[in-house]
Structure formats: structure tokens, C-alpha cells
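Commentary on secondary and tertiary structure
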Amino acid sequence: MTQRDAAALEHALDHARQVADAILYEGYLLYPYRASAQKNQERFQFGVLMPPGYAEVDPAEPAASQTECILEPKAATELTVRVRFLQLRRRTVLAAPGFAEAGSLRVGDTEYTPWDEAAEHEHEVTAPLGDLLAGGAEVPFSVPGGLDEADLAGPDGQLAGRLVRRWQTLSGVIRLTAERLPGPYGALRVRLRLANRSEVAWPLTRRADGLPFALVAAHSLISVRGGRFLSMTDPPEWAAPAVRDCVNTGTWPVLGGPAGCTELILSSPVILYDHPEIAAESAGQLYDSTEIDEILTLRTLALSDDEKAEARATDPRAAALLDRVESMDAQTIARLHGTLRSPRDGLAESPPDGPAPWWDPDADAAVSPDTDSVTIG
């Protein structure tokens, strides 16, 4: 790979990481961003790989995911896989003097609440293509557990309580293989299997028991040197049967990076299109599934002072979100409203001169928006 090609791939990775970071925290914390909100009682819905023993509790929550995609190797020499996920860190609040667990604790003007925070992790594996064809590469990884304690001093300087954060040891394995496809094109099917092998420290009876040992929001970036991946969404005709035969479990592989990049696959636990991008108007993550920035921004601004205080006590990311939203000027908020893009041009600006392309009133006389109605109930 030339220095120019290496720089182009690095640029593509930086571009794809913006979307990958959004995936990492998709559903991490939902509006109204308070621990007490009903929809924040069950969190981490996307890309959760539970420890193997959890299958006895709920077989619908897998311990492994699989990505398959099609590669034209050309002069390819090696593949690199970057597996990314969150590790849960359980925060508890202890109240002095006995240091018993508390539902919440107010120290001066600040309230502290129990919550499951998260830490980001990434593991990288590079393997020669010949090794993958000869049997594959299997690389185990581990993330150590730990404990962090922080004392909370009251306005009088006396010890009021303690914040305790615990995280469990995680272990897993990344297995990467390749096989040649029949036919004259010389294409390969690349398979990535990510498995959680974590050993649990207590009986698993409910979802909350398994999450500390889970790989949360697990996804991957697969890059190649000297070859190109085919679109799994819109493959060339000759590759369509091979794409249909690919088995993707818990993942949705798309071409990553900017338009035109074929050296990178983003394998996501949520459905995306090729070359996904973060909207230029978005000022930052709101963490909500299928988020609509304008609505969530305005609703967040409308929270009461008490609700905002509880959100700030829930999670540092919620506090930063509130700070960002409250500091938006009118121009920034206005950018969230009324943007129109052509579905034919991806994210390119394309103000239409006439009706929207998905409906032509002259071609569909059966539709009358002024007089048509629907009876409900």
C-alpha cells in the first residue's frame, strides 16, 4: 500500500468512526435522560452480546455475532478488524456514617444516584489473507475488572458518602476466516465471528445480572489493503447470489467511509445504508433511537429545573448534553429545521423545483390530499 493509499484509508476510518461512535451510544440514555424515567429502566438494546450462560435466561440475547461480506482481493495482502464495544460500570451510592447503599444522596446542591455508566474499548486484529484462507485466525482478548471509590465531602467538610464504581472482567474471541467463491471473479467470502466468553461471578436470573459481563453495542470496522469490498446492499449482478448466501447474525455490514470508498466495511447492530454519515446539522449526540434532533432539543430545553438536575445527577454524558443544548444559539437551532435532501443524492443538498420525487399528483389522480380522510375508531 502506498503512502497515499494509507492516508486515504486512515481518512475513511476517521469518517466511519463518527458513525461508529453514534452506534456505540445508540440508546445509551433516552429522553428525558433521568434514571427514574421508565424507558431508562431497560437499557442497551443494540448489539448486546451476553455471557454464554445467559442463554438459559433468555435465548434471544446471543453471546456471539457473525459478519459475512464479499471481497475482491486484487493485490490484497491483509485484513484488519477493529472490534468496538462498551463495558458496563455499575455505580452505587453509599451514605455515611454506616455506608449503606442509598437510592440517592444529596450533598450540598448536588444529588448522586445509582447508575450504570460505560467505558469504551477497542481491539484490533491484523491477519495476512493467506492465513485466513488456510484456516483462519482466532485471537482471544480480555478486559480487566476493577473498582473505583470516591469520597463525597459535605459543605461542612465532613464525609457525607462515597461513590463506588465496579466493573467485571470481560473476555472474548475474534475469529476471522476467508474462503474462495466459485466462478471466474476470484472473490472471497470473509467471515468475522465475535464471541463473548466472559465467566460470570453470580447466578444469572435477569437481564441486569448479565449486563456487567456483556459486550455492549458491539460492532466492527473491517479494512483491507489492496482489495475492495462489494456492497451488500447493492451488489453487482454477478455477486448477488454470493451476497444472498452470506449469513449475518446480529449485524448489518455496509460500505463505510466517504462515498466511493470500498476498502472498509462497517458492521453495525442497526440497519444502515452504504457510506452512512452524521448529518452536518447535528450538534451532538442525543443517544435516542432514530433521534430527531430538533424535537429532542426543544423537548430537552422544556424540562423543568428539577428534571434537569436529576438528569445531570444521572450521568456525566447527560450533564454534557444539557450544557450543549442550553448553550445553543438561535442560528444553531434553526439549522435543525427544514433541511431537505434528495434521496437520489444521499446527503447532497438538492432543493426541488417542483413536487417531492416520491409523489407526482398528475401521475396518481386517485390521491386527493384536500378531500381524502381516514376514519379512526
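Our subject is the structure that appears above.
Structure report, in brief.

1. Here's the deal with helix α7 (residues 316–326)
- All buried positions along α7 are accounted for by Ala318, Ala319, Leu321, Leu322 and Val325. Looking straight down α7, one finds that the buried residues subtend no more than 160° of arc, so they occupy a single side.
- Looking at the buried residues of α7, the elements they touch are α5 (293–301) and α6 (305–314).
- One side-chain oxygen at the N-terminal end of α7 lies 2.7 Å from the backbone nitrogen of Arg317; it belongs to Asp315.

2. With respect to the nonpolar core
- Judged by nonpolar contacts, the single largest core of 39 residues is most densely connected at Ile70 and Leu79.
- With sequence-adjacent residues up to four places away left out, Leu79 is seen in contact with Leu71, Val125, Thr126, Ala127, Leu129, Leu132, Leu176, Val190, Ile222, Ser223 and Val224.
- One finds Tyr31, Met50, Leu211 and Val216 within the second-largest nonpolar core, a separate group that totals 29 residues.

3. As for the sheet that holds strand β7 (residues 137–143)
- The antiparallel open sheet is built from five strands, whose spatial order is β7-β10-β11-β1-β13. Unpaired on one side and paired on the other, β7 and β13 (228–229) mark the two borders of the sheet.
- Relative to strand β10 (residues 170–180), β7 runs antiparallel, the two being bridged by seven bridges. From the neighbouring strand, Val143 faces β10, where its bridge partner is Leu170.

4. Side note on the pattern of salt bridges
- Counted according to the given criterion, the structure contains 25 salt bridges.
- Put simply, Arg207 and Glu42 hold a salt bridge, and the shortest N to O gap is 3.9 Å. With Arg207 in helix α3 (residues 207–210) and Glu42 in the loop between α1 (3–24) and β1 (64–72), this pair connects stretches of sequence that are 165 residues apart.
- The exposure class of Arg207 is buried, given its relative accessible area of 11%.
- Among the ionic pairs, Glu68 bridges to Arg189, the shortest N-O distance being 3.8 Å. Separated by 121 residues along the polypeptide, Glu68 in strand β1 and Arg189 in strand β11 (residues 188–196) bring together distant segments of the chain. Accessibility classification places Glu68 together with Arg189 in one group, the buried group.

What counts, and where the lines are drawn
Residues numbered from 1 in each chain as written. Predicted model: local features only at pLDDT ≥ 70, side-chain atom pairs only at ≥ 80, totals over all residues. Heavy atoms only, no water. Buried < 20%, exposed > 50% of the residue type's maximum accessible area, 1.4 Å probe, protein only. Helix = DSSP H or I, 4+ residues; strand = E, 2+ residues; numbered from the N terminus. Arc of directions from axis to C-beta. Contact = heavy atoms within 4.5 Å. Polar contact = N/O pair within 3.5 Å; in protein donor to acceptor, adjacent residues only side chain to side chain. Core = buried A, V, L, I, M, F, W, Y, C linked by side-chain atoms within 4.5 Å. Pairing = 2+ DSSP bridges. Salt bridge = Lys/Arg side-chain N within 4 Å of Asp/Glu carboxyl O.

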